[in-house]
Amino acid sequence: MTVTSDSLTISLPILSPGVLALAGGALAVLILVTIVFALRNAGIRREEAEEANLRAAESEARMAELLKIQAEMQGRISTMTEVFGARQAELNQAINQRLDGMSQRMSSTLTEQTKSTHDNLQKLQERLAVIDVAQNNIQTLAKDVVGLQAILSNKQTRGAFGQSRMETIVADGLPMGAYAFQQTLSNGSRPDCTIRMPNGAPPLVIDAKFPLEAWNAIRDASGADAGKLAGQQFRRDMEVHIKDISEKYLIQGETQETAFLFVPSESIFAEIHENFEGIVQKAHRARIVIVSPSLLMLSIQVIQAVLKDQRMRAQAHVIQGEVALLMDDLGRLDERVRKLQGHFSQTQRDVDQIITSADKLTKRGAKIEALEFEAGGDGKPTRENEPSAKSVESRTGLLKLRVVDEE
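Cut-offs and rules
Residues numbered from 1 in each chain as written. Predicted model: local features only at pLDDT ≥ 70, side-chain atom pairs only at ≥ 80, totals over all residues. Heavy atoms only, no water. Salt bridge = Lys/Arg side-chain N within 4 Å of Asp/Glu carboxyl O. Helix = DSSP H or I, 4+ residues; strand = E, 2+ residues; numbered from the N terminus. Buried < 20%, exposed > 50% of the residue type's maximum accessible area, 1.4 Å probe, protein only. Polar contact = N/O pair within 3.5 Å; in protein donor to acceptor, adjacent residues only side chain to side chain. Contact = heavy atoms within 4.5 Å. Patch = residues over 30% accessible without salt bridge, like charges linked within 9 Å, V, L, I, M, F, W, Y side chains within 5 Å. Areas by Shrake-Rupley, 256 points an atom, 1.4 Å probe, with all protein chains shown as cover. Core = buried A, V, L, I, M, F, W, Y, C linked by side-chain atoms within 4.5 Å. Phe/Tyr/Trp six-rings, centres within 6.5 Å; stacked < 30°, edge-to-face > 60°. pLDDT = per-residue confidence, 0-100. Arc of directions from axis to C-beta.

Could you give me a rundown of the pattern of salt bridges, with the residues and numbers involved?
By the definition in use, this model includes six salt bridges. Here Lys-282 and Glu-239 are joined by a salt bridge, their closest N and O atoms 3.6 Å apart. Here Lys-282 is found in helix α7 (residues 277–285), whereas its partner Glu-239 is found in helix α5 (residues 224–249), with 43 residues between them in sequence. Classification of Lys-282 by relative accessible area gives partly exposed; the value is 34%. Overall, the relative accessible area of 27% leaves Glu-239 in the partly exposed class. A salt bridge links Asp-329 to Arg-332; the nearest nitrogen and oxygen atoms lie 2.2 Å apart. Here Asp-329 and its partner Arg-332 are both found in helix α9 (residues 316–369), three residues apart, which amounts to about one turn of the helix.

Can you explain the side chain of Ser-292? Please cite residues and give values.
With respect to the helices, strands and loops of the structure, Ser-292 is situated in the loop between β5 (288–291) and α8 (293–314). Within the structure, the side chain of Ser-292 is placed 3.1 Å from the side chain of Ser-294, a separation counted as a polar contact. The residues touching Ser-292, leaving out its near neighbours within four places in the chain, are Phe-262, Val-263, Glu-266 and Phe-269.

Which residues make up the side chain of Ser-189, and what values do they have?
Its location among the elements puts Ser-189 in the loop between β1 (179–181) and β2 (193–195). Taking relative accessible area as the criterion, Ser-189 reaches 11% and is therefore assigned buried. Only 3.3 Å separates the side chain of Ser-189 from the backbone oxygen of Lys-248, close enough to count as a polar contact. Setting aside residues no more than four positions away along its own chain, Ser-189 makes contact with Gln-183, Thr-184, Lys-248 and Tyr-249.

How would you sum up a nonpolar patch on the surface? Please name residues and give values.
Among the surface-exposed residues, Met-312, Ile-319, Val-323, Met-327, Leu-330, Leu-333 and Val-337 lie close enough to one another that they form a single nonpolar patch of about 640 Å² accessible area. If you tally residues by element for the nonpolar patch, the top one is α9, at six residues. Structurally, the position occupied by Ile-319 is in helix α9.

Describe the nonpolar core, with residues and values.
Counting residues in hydrophobic clusters, the biggest one holds 26 residues, and the most contacted among them are Phe-210, Trp-215, Phe-234, Ile-272, Ile-288 and Ile-290. Elements with a contribution of two residues or more to this core: α4 (212–220), α5, β4 (259–262), α6 (266–275), α7 and β5. When residues in this core are grouped by element, the largest group, five residues, is from α5. Counting residues in hydrophobic clusters, the runner-up holds 18 residues, among them Met-166, Tyr-179, Phe-260 and Phe-262.

Can you tell me about the packing of aromatic side chains, naming the residues and giving the values?
All told, the structure shown has two aromatic pairs when counted by the stated rule. Taking 5.2 Å as the distance between ring centres and 50° as the angle between the ring planes, the aromatic pair formed by Tyr-179 and Phe-181 counts as tilted. With a relative accessible area of 13%, Tyr-179 lands in the buried category. Classification of Phe-181 as partly exposed rests on a relative accessible area of 29%.

Tell me what's going on with the confidence of the model for the chain, and back it up with residues and numbers.
Overall, the prediction assigns the chain a mean pLDDT of 76, with 81% of residues at 70 or greater. Per-element confidence in the chain is highest for β5, whose mean pLDDT is 88, and lowest for strand β7 (residues 389–393), whose mean pLDDT is 42. Taken as a whole, residues 1–12 scores under 50 in pLDDT and shows four contacts with residues more than four places along the chain or in a different chain. In the model, residues 373–407 has pLDDT below 50 throughout and makes 40 contacts with residues more than four positions away in sequence or in other chains.

Can you lay out α4 for me, pointing to particular residues and giving the numbers?
Those residues of α4 that sit buried are Leu-212, Ala-214 and Trp-215. When α4 is viewed along its axis, its buried side chains cluster within an angular range of 160° and face the same direction.

Got a sec to walk through α7? Specific residues and values, please.
Residues of α7 that are buried include every one of Ile-279, Val-280 and Ala-283, and no others. In a view along the axis of α7, the buried residues occupy a sector of 100°, so they form one face of it. Pointing more than 90 degrees away from the buried face of α7 are the exposed residues Gly-278 and Arg-285. The first or second residue beyond α7 is Arg-287, which carries a positive phi of 60°.

As structure tokens, then:
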């Protein structure tokens, strides 16, 4: 607050001395307050300046610290950049190596898969070729089955087919002369085959006429009733056929008491024994044996063994005589070997004596070669037991050479 001199001059005549005193006091107070305020403001400004200096110093220190931290950060960032660069290079190298390895494995895997696929395709082609051959065989077999069906559809051709199979089995198993086909018996009947038995036994009769029409009717039956009727018809046909064989081919003293009924199929034979046991039992009571191709072959082999044994028995005396002659020859051979052994022993003794004489001659020659002489006047022989000795005098008469005659 300021008071100008013009205001004081104007107010002096008006104011009283007390007022003036108060005014002076107030002015002094005002001046004091002004000075106090000025000092306070100066202190405040000085404090503010000090604070500003402190703040500036702190700011500078912080700035220096920040610069230092920034430099450290830049160093760390550069270090991290280098590390990241090296790691990136290593990572790129590792990735490239793995990619190369994966590429090689993929290429090798693809190569192996290609080779395996090629091998599988080749094997598949071979199997397809085998399948084609099998299909061709099946087609050929189907044609044969159709032909066989056409053969079996006719009764005469069917009988010829069964008889041909039976004749093939018999002819393969027995020698010529042991069997006969379509031989006429005393009652005028002609069985399909007769087999001559050994030891004068009657022949065995084989029949190959099997009622296949009734069996085909069983196979072709569409229902249970039709199958039952076909089975009854087959049973009647089999019973009639068994009765015919028993009456025609079983002749007392001319044929065997048992005859064979040949069935040209193993499956039909098995089904007869499984589903028609009564027919089998009736055939046994009538002394008729139902045989399949395998059973007929086995029976033929047994008959062949019996015939062979019979032939061996018939030739037993011949074999015995040959064995006796063989033993005589063996005795003469033993005698001659023993004589030869005696000659060898005598020869060995002679050889030993020759070797002994040769050893003596060798020793005597060695002594002559060494000029072993004796003194001339002693008159004693060199050896006491020598049988004879000849003395040869030398020209000087001082030395005498003795020659000994020995064996």
